[in-house]
Amino acid sequence: MNTAGTKQGLLEQFGKVATMLHHGLALIGLTAVVLVLMRGRALFFDESSVRPATIGSIRYDGAVSLLERADDADAQKYRALSNYVSRRYRIAPDVIEQFVGAAFDAGRQVGLDPLLILAVMAVESRFNPVAESLVGAKGLMQVIPRHHLDKLLEHGGEEAVLDPMINIALGARILKEYIRRTGSLQAGLQFYNGALADTSSQYAQKVFAEKERLQQAVRQFGRPARSSV
């Protein structure tokens, strides 16, 4: 028996097995990497059909855009309004669309001009949904939870005040109540701000001025383009 030949043959077979194992492990490693990458994509990217808007830590998953519910003419007006607010307050347009939509919904529900609701948001929080004042007012409409716990309980409790959609609806409802209680829009706004004793009505005037700017943005949409000739 040729011992040298046998050893050579065994070494060749061992080499082949080692090569196969090497390629097999490489394939397993590659598969693992692909699975990790796919898992990472699922964790960090939302591939659902509705892309949620985000601002800070707040997500508006599945929210229906105001523009999707409107006809062509109204959609263009809403877009002009949203674009104006987005530029003026440096908030993402898709987030502002949700705020505008919620203001129009709340306005219909309580009987207030949605531009007035948006103007209050602008003056109170500059469209910051997590704004909080020194006296405890919170959210877009700066609602003070301890003064309106009964209403917040309808939405699950005090924490609901920082849900932007609830905050807008709740603030509009409170403002409407104050207008009824005081007998006028101006006095109702002053009461909302806790400044009913201010005879100069500075807060109400700020809201009216902001509302006029919003109206101007909507009017601008309807104006015919000037001829360059």
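Residues numbered from 1 in each chain as written. Predicted model: local features only at pLDDT ≥ 70, side-chain atom pairs only at ≥ 80, totals over all residues. Heavy atoms only, no water.

A. Up close: the overall build of the protein. From N to C terminus, the protein includes nine helices and two strands. Walking the protein from its N terminus toward its C terminus, one meets helices and strands in the order α-β-β-α-α-α-α-α-α-α-α. Considering the protein as a whole, with its 229 residues, one finds that 38% of them fall into the buried category. The contacts in the protein between residues at least 6 apart in sequence include a share of 52% that link residues at least 24 apart. (Helix = DSSP H or I, 4+ residues; strand = E, 2+ residues; numbered from the N terminus. Buried < 20%, exposed > 50% of the residue type's maximum accessible area, 1.4 Å probe, protein only. Contact = heavy atoms within 4.5 Å.)

B. Quick look at the layout of surface pockets. One number sums up the size of the largest pocket: a volume of about 280 Å³. Forming the boundary of the largest pocket are 15 residues, of which Gln 142, Ile 144, Tyr 192, Asn 193 and Gly 194 lie nearest the centre. Among the residues forming the lining of the largest pocket, the class breakdown is eight nonpolar, six polar and one charged. (1 Å grid on protein atoms, 1.4 Å probe; cavity = no way out; pocket = protein on both sides within 12 Å on 5 of 7 lines; lining within 4 Å. Points joined across faces, edges and corners; volume = space filled by probe spheres on them. Nonpolar A, V, L, I, M, F, W, Y, C, P; charged D, E, K, R; others polar.)

C. Structural detail: the environment of Val 161. Considering the arrangement of structural elements, one finds Val 161 in the loop between α6 (149-153) and α7 (164-182). A relative accessible area of 2% means that Val 161 is categorised as buried. A sequence separation of 24 residues divides Val 161 from Ala 137, and the C-alpha atoms of the two residues are 9.5 Å apart. Once you skip the residues sitting within four places of it in the chain, Val 161 turns out to touch Lys 138, Val 143, Pro 145, Leu 152 and Asn 167.

D. Just the packing of aromatic side chains, in detail. Within this structure, the stated rule accounts for four aromatic pairs. Look at Tyr 178 and Tyr 192: their rings are 6.3 Å apart centre to centre, the planes differ by 65°, and that puts the pair in the edge-to-face class. Residue Tyr 178 is located in helix α7, and its partner Tyr 192 is located in helix α8 (residues 185-192); the two are separated by 14 residues in the primary sequence. Side by side, Tyr 178 and Tyr 192 carry an identical accessibility label, which is buried. (Phe/Tyr/Trp six-rings, centres within 6.5 Å; stacked < 30°, edge-to-face > 60°.)

E. Spotlight on the side chain of Gln 142. Here Gln 142 lies in the loop between α5 (114-125) and α6. When its relative accessible area of 11% is taken as the criterion, Gln 142 is described as buried. A distance of 3.1 Å separates a polar side-chain atom of Gln 142 from the backbone oxygen of Ala 131. In contact with Gln 142, not counting residues within four places along its chain, are Glu 124, Ala 131, Glu 132, Ser 133, Ala 137 and Asn 167. (Polar contact = N/O pair within 3.5 Å; in protein donor to acceptor, adjacent residues only side chain to side chain.)

F. Molecular detail of the packing of α7 against α8. Packing of α7 against α8 leaves a shortest axis separation of 8 Å and a crossing angle of 125°. The orientation of α7 with respect to α8, classified from their angle, is oblique. Between α7 and α8 the crossing geometry is right-handed. Together, Gly 171, Ile 174, Leu 175, Tyr 178, Ile 179, Arg 181 and Thr 182 of α7 and Leu 185, Ala 187, Gly 188, Leu 189, Phe 191 and Tyr 192 of α8 make up the contact between the two elements. (Axes fitted to C-alpha atoms, helices over the stretch in contact; angles between N-to-C directions. Parallel < 35°, antiparallel > 145°, perpendicular 65-115°, else oblique. Left-handed = near helix turned anticlockwise from the far one by under 90°.)

G. Representation of the side chain of Ser 201 in the model. Note on placement: Ser 201 falls in the loop between α8 and α9 (202-222). A distance of 3.0 Å separates polar atoms of two side chains, one belonging to Ser 201 and the other to Gln 186. Setting aside anything within four residues of it in sequence, one finds Ser 201 in contact with Gln 186 and Gln 190.

Honestly, that's just the spatial picture; any functional story needs more than this.
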